[in-house]
Amino acid sequence: DTAVSQTPKYLVTQMGNDKSIKCEQNLGHDTMYWYKQDSKKFLKIMFSYNNKELIINETVPNRFSPKSPDKAHLNLHINSLELGDSAVYFCASSQQGGQSYTFGSGTRLTVV
Amino acid sequence: QKEVEQDPGPLSVPEGAIVSLNCTYSNSAFQYFMWYRQYSRKGPELLMYTYSSGNKEDGRFTAQVDKSSKYISLFIRDSQPSDSATYLCAMNRVVDDKIIFGKGTRLHILP
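Rules used throughout
The numbers attached to residues start from 1 for each chain and follow its sequence in the written order. By the order in which they are written, chains take letters starting at A while ligands take numbers starting at 1. pLDDT decides what is reported in this predicted model: residues at 70 or higher carry local features, side-chain atom pairs at 80 or more are listed and counted, and totals for whole chains, interfaces and linings draw on all residues regardless. Hydrogens and waters are ignored; side-chain quantities use all the structure's heavy atoms. Any two strands between which DSSP finds at least two bridges are classified as paired. For the purposes of this entry, the term helix denotes a DSSP run of H or I that reaches at least four residues, the term strand denotes a run of E that reaches at least two, and both are numbered from the N terminus. Here, axes are lines fitted to C-alpha atoms. For helices the fit covers the stretch in contact, and angles between N-to-C directions go from 0 to 180 degrees. Pairs of residues are marked as contacts when any of their non-hydrogen atoms sit within 4.5 Å. Once two parts are brought into contact, the accessible area they lose, counted with a 1.4 Å probe and summed over both, makes up the buried area. In the sections that follow, a salt bridge refers to a side-chain nitrogen of Lys or Arg positioned within 4 Å of a carboxyl oxygen of Asp or Glu. Side-chain atoms alone can form a polar contact between residues adjacent in sequence; in general such a contact is a pair of N or O atoms within 3.5 Å, and within protein one must be able to donate a hydrogen while the other accepts it. Each residue is assigned to one of three groups, with Ala, Val, Leu, Ile, Met, Phe, Trp, Tyr, Cys and Pro labelled nonpolar, Asp, Glu, Lys and Arg labelled charged, and all others, Gly among them, labelled polar. Each residue gets one of three labels from its accessible area relative to the maximum for its type: buried under 20%, exposed over 50%, partly exposed in between, using a 1.4 Å probe on protein chains only.

Draft legend 1. Spatial organisation of the sheet that holds strand S7 (residues 64-70) of chain A. Residue and element names in this part refer to chain A. The sheet built from four strands is open, its strands ordered S1-S3-S8-S7 with antiparallel pairing. In the strand order of this sheet, the two ends are held by strand S1 (4-7) and S7, each with one partner. Along the sheet, successive strands turn relative to each other by an average axial angle of 20°, direction set aside. With five bridges joining them, S7 and strand S8 (residues 73-78) adopt antiparallel strand pairing.

Draft legend 2. Structural detail: the interface of chain A and chain B. Each partner contributes residues to the interface: chain A has 23 residues there, and chain B has 19 residues. Counting each side, the surface lost to burial between chain A and chain B is near 1,800 Å², with a carbon and sulfur contribution of 55%. When residues of chain A are sorted by the area they lose upon contact with chain B, Phe 42, Gln 99 and Tyr 101 of chain A head the list and together hold 33% of the total. Inspection of the chain A/chain B interface yields zero salt bridges. Here chain A is connected to chain B by three residue pairs in polar contact (both at pLDDT 80 or more). For the side of chain A that touches chain B, the secondary-structure elements that each account for two or more residues are strand S4 (31-37) and strand S5 (43-50) of chain A. Considered class by class, the residues forming the side of chain A that touches chain B number ten nonpolar, nine polar and four charged.

Draft legend 3. Inspection of the side chain of Gln 25 of chain A at higher detail. Residue and element names in this part refer to chain A. When you line up the elements, Gln 25 lands in strand S3 (residues 19-25). A relative accessible area of 3% places Gln 25 in the buried class. At 3.0 Å, the side chain of Gln 25 forms a polar contact with the backbone nitrogen of Leu 27. With near-sequence residues (within four places) excluded, Gln 25 lies in contact with Ala 3, Val 4, Met 32, Lys 71, Ala 72 and Ser 93.

See the structure below:
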C-alpha cells in the first residue's frame, strides 16, 4: 500500500501544453509539498500546504498552480509548459513540524 | 554562498570500507539535520535525523553535527554494494518548517 503516490510516473509533452500531476498520501499527515529535482539532482521546494492552506510558495512562475482539495491530496497544474520545466517532480508529506518527509517516487516530466 | 553545500561526487569506495559524507551550511538558524538516501529513479527516503550538535548512531550509520563549524557528516561502516545511492543532507529551521536539501553525493560501493 503506497504511502505517497504520484501520477503519472512519466509525462512527455510538447511546449505550450498544459498538464497536471496528482499526488495522494494515506499517512494522515497534515503537510504536503512539491519539490523539483533538476538534471543535476538538486532538490528544490516549490510549494507546501498544511491542511489545504498554502504555507510555502517559493519563487516559482505563475504557470505553476498547486491545488489541495483536501489534506490527503495535493495536485500540481502547469500551464504553457517550457523546455526548462523538464525535471522530476516529487510530492512529499510530513506531520506538521516534522523532519521526516515521505516522498513519492516522482513524476519525470519531459517537455519537447 | 549557497545555504547548504555538498560535494556531488561521485565517490567510489571498495566494499567494506568506511564512507564519510559531508555537508557545510551557512545559516546558523538551522536546528534539525537530516540525511536522506535516494536510489536511482526513486524518491528520497529519510535515513537519520539529529537535533543540534552531537552524534547519533543507527546500525552501520552514524550522523554527526558540529554546529560551531557548521559541518555535518554521515559515516557508513562496513559499506555494502546496496549502499550505492545518492545521499542528500538536509536541514531546517523550525520556524518555517521548510527543509533545505544539499545537492547530494553519488556513492558507489565496488564489490
